Every structure is written in C-alpha cells, then in structure tokens.
Amino acid sequence: MMTSDKNKTKDELVRELKALRKRLEEHTNSYEKECKLHGRAEEELRLAKVIIDNSPVVLFRRMAGEKPRLVYVSDNIRQMGYTPGDFIEEKILFREIVYPDDMDRVAEEIKHYAEEDVEEYTQFYRIMTKDGQIRWVEDQTSVVRDPDGNKIFNQGLLVDITSRKLAEEEVRKSEEKFRRIVETAGEGFILMDENLAIIDVNVAYCRLLGYSREEILGKTPMDLASEAFRQFMLANRQEILAKEYRQFEGTVVAKDGRQVPILVHGNTLRGDRGEVIGNMAFVTDMTEHKKALALAGEVQKSLLPQSKPDVHGLDVAGRNVSCDEIGGDYFDFLWRRENPDGPFSVVVGDITGHGVDSALLMTSARAFLRMRASQPGTISDIVNAMNSHMTQDVFESGRFMTLFYLTVDPQNDCIDWVRAGHDPALLYDPQQDAFEELKGTGMALGVNDAFKYPENRHEGLVDGQIIAIGTDGIWEAFNKKGAMFGKKRFKEIIRQNAAADADDILNAVYNEIDQFTEGQKTEDDITLVIIKIKKP
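Reading the values: rules and limits
Within any chain, residue numbers begin from 1 and follow the written order of that chain's sequence. In keeping with the model being predicted, local features are shown solely for residues with a pLDDT of at least 70 and side-chain atom pairs are shown and tallied solely at 80 or more, while totals for entire chains, interfaces and linings include all residues. Excluding hydrogens and water, the side-chain values take into account all heavy atoms of the structure. If DSSP finds at least two bridges between two strands, the strands pair. Note on conventions: DSSP H or I runs of at least 4 residues are helices, E runs of at least 2 residues are strands, and numbering of each starts at the N terminus. Axis definition: a line fit to C-alpha positions, over the contact stretch in the case of helices; interaxial angles, taken between N-to-C directions, run 0 to 180 degrees. Like charges are joined within 9 Å and nonpolar side chains (Val, Leu, Ile, Met, Phe, Trp, Tyr) within 5 Å, but only among residues with over 30% relative accessible area and no salt bridge; these make up the patches. Accessible areas in this description were obtained via Shrake-Rupley with a 1.4 Å probe; residue shielding takes into account the shown protein chains only. Take a side-chain nitrogen of Lys or Arg and a carboxyl oxygen of Asp or Glu: if they are within 4 Å of each other, that pair is a salt bridge. The classification of residues rests on relative accessible area computed with a 1.4 Å probe and restricted to protein chains. Under 20% of the type maximum is buried, over 50% is exposed, and intermediate values are partly exposed. Here is the rule: rings of Phe, Tyr and Trp (six-membered ring for Trp) pair when centre to centre is within 6.5 Å. Planes less than 30 degrees apart are stacked, more than 60 are edge-to-face, and the remainder are tilted. Any two residues whose heavy atoms approach within 4.5 Å at even a single point are treated as in contact. Under this definition, polar contacts are N or O atom pairs within 3.5 Å; protein pairs additionally need one hydrogen-donor-capable and one acceptor-capable atom, and for neighbouring residues in sequence, both atoms have to be side-chain atoms. Here, expected helix span is obtained from the residue count minus one, scaled by 1.5 Å. With respect to orientation, any angle under 35 degrees is reported as roughly parallel, any angle over 145 as roughly antiparallel, any angle of 65 to 115 as roughly perpendicular, and every other angle as oblique. By convention the crossing between two helices is left-handed if the near helix lies anticlockwise of the far one by an angle smaller than a right angle, and right-handed if it lies clockwise. Each residue is assigned to one of three groups, with Ala, Val, Leu, Ile, Met, Phe, Trp, Tyr, Cys and Pro labelled nonpolar, Asp, Glu, Lys and Arg labelled charged, and all others, Gly among them, labelled polar. Lys and Arg are tallied as positive, Asp and Glu as negative. Neither His nor the chain termini are counted.

Asker: Let's hear about the sheet that holds strand 8 (residues 245-253): which residues, and what values?
Answerer: Taken in spatial order, the five strands of this open sheet run 7-6-10-9-8, and their pairing is antiparallel. In this open sheet, the two edge strands, each paired with only one partner strand, are strand 7 (198-201) and strand 8. Direction aside, neighbouring strands of the sheet carry axes that sit 25 degrees apart on average. By the bridge criterion, nine bridges tie strand 8 to strand 9 (residues 259-270) in an arrangement that is antiparallel. Residue pairing across strands places Arg-246 opposite Gly-266, the latter belonging to strand 9.

Put into structure tokens, the structure is as follows:
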C-alpha cells in the first residue's frame, strides 16, 4: 500500500525526487541515443539510395508464387528509360522488356530454379531499353522466406554488363580469327602447357607427322623427336626455355618412320602476373629446303679439291666442314700438274657469315682467283686484282673475305705468302719444337680497293716441317660449357702428331674438335690445310 505524499517525510520526498530525476535522465539519454542511431540509419539509407541511384546496379523485389509481381524497383531503373512506377503499377511487365530471342530461355531457367527450389541463381540475358537499345544484364536473384519456410519474395540485383559482353565478344572474335589463321596456316602449330605437354595442334602439324590430333595431344616434343634431337633438347632444355623467344632446327620422326627436318620458332606464354602458363611454337617442314641446300652443298663441295695433290717434296691434305649445308669457307690447290717439281700454291679463304649468300660469294671469288692465277704475275698481283674485283661486288653489302695465299717452292726450300686479314698460318719445326706465325700486313678483301698487299717470304725449309693454314672456326669452336677450343690446343695436336703424315694430322685435329664439342653443331665453318715438307 503506497504511502500518501502527505504522510511522507521531507527526506523521503527528496529521495523519490532524486530517483525520478535519475529515471528521467536515463530515459532522456536513451532517447537521444535512439535519435542519433535513427538519424545515422536515415543518413546511411540516404547515402545507400544515392549510391544505388547512381550505380549500374538495379535492386528489385517481386512477390513469389504463380503470379509474380514487382513490389520494389530502385530508382536507377531510369537509366534504362523506365520509372519504378512503370513496373510497380504494372504499366509494363518486366518480361516484356526481355529481348525476344532470350525470353523463352529466361522463362525456362526461372521455372527450373523454382522446381528445384534453388535459393540463389544467376542469369545472363538481354533487355530492351525504352529507346530501343539492347543491353546485356546479369540477374542475381535470391529467395526470401517467411518464418514457416514459405517463399514470399524473390529479390536481387540487375547489373548492366553490356561493356563486359562487348569486350568478351571482341575477344571471342579475335580468338576465332587467330584459330582460323592457325588452322589454315601452312606451318605446323603446337600449344603446350607449362610442362611442355601438347594441348593443341593444327592440321598442318598433324599432316607433317602423319598422326591424328588425338594421337598427338598429351605427348611432348621430345616424344616426337629423333634420338639426336631428343638428346639435344634434354641437354639444352634449361638454356632453351630461359629464352622468351627461341629459334632452332631439329628432326622429328613421322608416324611412318620418316625423319622430317624442322625449323622451330617458339616462345613462352605468360599470365597477367608474369607467371609461365605454357609455350607455343610454329614448326616449319624443312624437307624440300634441306634437299635444295644439300644439292647446293654437293655443288659447292665439287668445287673444292677432290684428290690429294701429287707434288714432289710435299705431303698435302685439306678438308672443309660447313656448319650448315653450305658455307663460306674455301680452300684450293693451284699448281701445274705437268710440273710436279714446280711451285705449289694453297689458298684458304673465309667469307663473312655462312649460308647461301656466303656460298655464292665464295663461288664467285674462286672463279675469279682461278682465272687470275692462270695469268702472269706474282701472288701479290693476284691478290691485289682479286681485292679490286671483290670491292666492286661487296662494298655496299658490308661483306668481306679474309684470305691466305701461300706458295711453296720445294726446289728452293722457300715459301711466299700474302695475308689478307686472315689468321696467320703456322710453321712448326719438330726438330726445334718451335712454332712460327706467318704474319704480314694486309686487310680483308673487299674493304679498300686501293690497298696494295705486300708479299712475304720465308727461306730455309727443312724436312719434317709442317705448315697449317686454317680458318677461325677451329680455335673459336665452343663446347657445351662455353669453353673455347683455342690455338694452344690446336698447336698441341700438331706437336703430338708431327711424325704422322698430313692426312693423319688433319684427322687428329678434326677428331679432337668433335670430341671437344661433344658432337654438337659448330657455329662456324671449319677449314684446314696441312702441308708437310718431305725431303727425298
């Protein structure tokens, strides 16, 4: 039973007043907090509305059931020319703005999702704006249920993805164009993953090997290579793959067992972050090209000395090995066969580069030299005339030719030579165990037509001495470790085989180069002539 305020003491009234003030203060603070929260919520809602209204994302909610009806559409539907009221008041139905070609598909998808009771789904389709434009949209829809689990709404986002679709279409067209180019290309094409497993090939590559596409997919280039090419790729795999773009030749084995020479142009494929995602290569069938080069090589080799020269007092051997089918090195023997006791001349030349153009220049130089050597004059006269001729032919191309022209007179025990930019020949005396370089001034042929080449002489030839005239392909040969063969090694071979005849010395040098390079292809042509003095 409450006590009447009249019966309360002053102290009791004061205490109640304080309690009431405290409760009032608490209610006031709570109200202020609620106001602040309400104001903050309203501000957030306002900002959200501003963001939504200015974004390409349209929010929607529609009633679930057999007669779906939009109950909310965000105001930024106006960017498509419509107002929210157009759909809320059903002035227009949403399905009516779906592009006709997509309408049946969209309806079937919605029906399927409803039957499967899917909670969330995404659709892609086109809609028509009010002014007739076609827009691609991404429709992300989710289901809203009541406490009993019944579907009451479908709501979600409608995102304009027209720009993305147009970009994807451009990429698709570009890919189709690229595929048509690859498929119709005359060259073979292979696409590999990061482990070099083949994941795609074109018709030309299948035709080159005689395999079907299915037979090739999953293999690696090593599986299709000849044994020599496989060993090359395995030994040089890291070095090859370290290059972003690479070019090399090799041989593959066709289904019928044929060995097909190929030229490979490959490169690494990288992702957006620079990571390796695969490799690709265009492969050219070099069969006909190699046949033509082989024929040209046979013609070129037929221009080199075909037999061992028979010269009294001299044992002579020469050999040329091109790094390609044809090359730019040259050697020749010039003497009067009816006079085996007379002077004997050797010419060793090296055209810059190697290949068809170098071979043609070498052939032209040989023809002119032989013609001029048959006429009167010293070897200096011959080389001067040849320089004038070559300068006219090659000056504009930037090419040139180094030459060593040497004449041995076994009757008078002397040698004369002209050095035109070529490495000095070597004269080895086994009795003294001493090497002498046959030096002399003279620039390469084809550089300055006014240059006059001096003649040099060495007298006092003795039995057993060895003259070696070679091209830089010998001492500049490299092995797999990057070491150079070098002149020191070259001299040592001559020293160790000084007692042998010229052919054996020549063979010893080439065998040592082959062992040093481990049989791998050299980067330059290799030519060597050995002359051994043999007194009766």
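Asker: Can you break down a nonpolar patch on the surface residue by residue, with the values?
Answerer: Together, Met-63, Val-71 and Tyr-72 give the surface a local cluster of nonpolar side chains, amounting to about 230 Å² of exposed area. Mapped onto the elements of the fold, Tyr-72 is located in strand 2 (residues 70-73). Exposure remark for Tyr-72: the relative accessible area of 41% places this residue in the partly exposed category.

Asker: Before we move on, can you summarise the pattern of salt bridges with the specific residues and values?
Answerer: Any two side chains of opposite charge can pair, on the condition that their charged atoms come close. Under the counting rule described, the total for this entry stands at 30 salt bridges. Residue Arg-164 is joined to Glu-138 by a salt bridge in which the shortest nitrogen-to-oxygen separation is 3.6 Å. Remark: Glu-138 occurs in strand 4 (residues 134-145) and Arg-164 occurs in helix 4 (residues 162-184); sequence separation between them is 26 residues. Judged by its relative accessible area of 13%, Glu-138 is buried. Between Lys-255 and Glu-215 there is a salt bridge whose closest N-O contact spans 2.9 Å.

Asker: Break down the packing of aromatic side chains for me, citing the residues and quoting the values.
Answerer: Ring pairs (aromatic) are described by centroid distance and by the angle formed between their planes. Following the criterion strictly, the structure yields 14 aromatic pairs and no others. Between Phe-229 and Phe-248 the ring centres are 6.1 Å apart and the planes differ by 50 degrees, which places this aromatic pair in the tilted class. Residue Phe-229 is located in helix 8 (residues 227-235), and its partner Phe-248 is located in strand 8; the two are separated by 19 residues in the primary sequence. The two residues Phe-229 and Phe-248 agree in class, both being buried. Ring geometry for Phe-331 against Phe-333: centres 5.5 Å apart, planes inclined by 65 degrees, an arrangement best described as edge-to-face.

Asker: So what's going on with the environment of Val-462? Which residues, and what values?
Answerer: Here Val-462 is to be found in the loop between strand 18 (456-459) and strand 19 (466-470). On the basis of relative accessibility, which here comes to 31%, the residue Val-462 falls in the partly exposed class. A C-alpha to C-alpha distance of 10 Å links Val-462 and Pro-430, two positions 32 residues apart in sequence. Filtering out sequence-adjacent residues up to four positions away, Val-462 remains in contact with Asp-429 and Ile-533.

Asker: Explain the side chain of Glu-138 to me, and be specific about the residues and the numbers.
Answerer: Within the structure, Glu-138 has its side chain in polar contact with the side chain of Gln-140 (distance 2.8 Å). Once you skip the residues sitting within four places of it in the chain, Glu-138 turns out to touch Thr-122, Gln-123, Phe-124, Leu-157, Leu-158, Val-159, Ile-161 and Arg-164.

Asker: Now, about helix 12 (residues 379-394): what can you tell me, with residues and values included?
Answerer: Compared with the 22 Å implied by 1.5 Å per residue over 16 residues, the 22 Å span of helix 12 between its first and last C-alpha is a close match. All of the buried residues along helix 12 are Ile-379, Ser-380, Ile-382, Val-383, Asn-384, Met-386, Asn-387, Met-390, Thr-391 and Val-394.

Asker: Explain the sheet that holds strand 18 residue by residue, including any values.
Answerer: One open sheet accounts for five strands, arranged 12-13-14-15-18; its pairing is antiparallel. The sheet is open, and its two borders are formed by strand 12 (329-334) and strand 18, each paired with just one other strand. On average, adjacent strands in this sheet sit at an angle of 15 degrees to one another, irrespective of strand direction. Bridge count between strand 15 (residues 414-420) and strand 18: four bridges; the pairing is antiparallel. By the bridge assignment for strand 18, Asp-416 is matched with Arg-457. Those strands touched by helix 12 are strand 13 (344-351), strand 14 (401-409) and strand 15, and its axis lies near 160 degrees from that of strand 14.

Asker: How would you explain the packing of helix 13 (residues 486-496) against helix 14 (residues 502-517) if you had to name every residue and give the values?
Answerer: Two numbers describe how helix 13 lies on helix 14: the axes approach to 10 Å, and their chain directions differ by 135 degrees. For the element pair helix 13 / helix 14, the angle class is oblique. The handedness of the crossing between helix 13 and helix 14 comes out as right-handed. Of helix 14, the residues touching helix 13 (which contributes Arg-489, Phe-490 and Ile-493) are Ala-508, Val-509, Glu-512 and Phe-516. Residues of the contact of helix 13 with helix 14, tallied by class, amount to five nonpolar, no polar and two charged.

Asker: Talk me through the pairing of strand 3 (residues 120-128); I want residue IDs and the actual numbers.
Answerer: What you see with strand 3 is a clean split: Tyr-121, Gln-123, Tyr-125 and Ile-127 sit on the buried side and Glu-120, Thr-122, Phe-124, Arg-126 and Met-128 on the side with no burial. The pairing of strand 3 with strand 4 spans nine bridges and is antiparallel. If you follow Phe-124 over to strand 4, its bridge partner there is Glu-138. The turn joining strand 3 and strand 4, which pair antiparallel and follow one another in sequence, is formed by five residues; a positive phi near 95 degrees is taken by Gly-132.

Asker: How would you sum up the pairing of strand 2? Please name residues and give values.
Answerer: As defined by bridge partners, strand 1 (residues 57-63) adjoins strand 2 across three bridges and the pair is classed as antiparallel. Its bridge partner being in strand 2, Arg-61 is matched across the sheet by Tyr-72. Adjacent in sequence and paired antiparallel, strand 1 and strand 2 are bridged by six residues, among which Gly-65 carries a positive phi angle near 120 degrees.

Asker: Can you lay out the environment of Ala-225 for me, pointing to particular residues and giving the numbers?
Answerer: Structurally, Ala-225 can be placed in the loop between helix 7 (221-224) and helix 8. Spatially, the C-alpha atom of Ala-225 lies 9.3 Å from that of Val-260, the residues being 35 residues apart in sequence. For Ala-225, the contacting residues outside a window of four places in its chain are Arg-230, Met-233, Thr-251, Val-252 and Val-253.

Asker: Tell me what's going on with unusual backbone geometry, and back it up with residues and numbers.
Answerer: Backbone geometry at Glu-90 places phi at a positive 55 degrees, although glycine is not the residue there. Note on placement: Glu-90 falls in the loop between helix 2 (84-88) and helix 3 (100-115). Taking the relative accessible area as the measure of exposure, Glu-90 reaches 42% and is therefore partly exposed.

Asker: Describe the side chain of Asp-472, with residues and values.
Answerer: The topology assignment puts Asp-472 in the loop between strand 19 and helix 13. Buried and unpaired, Asp-472 has no salt bridge, with Lys-487 as the nearest side chain of opposite charge at 9.1 Å. Among residues more than four places away in sequence, those in contact with Asp-472 are Asp-350, Asp-423 and Asp-524.

The values are spatial; any link to function lies outside them.
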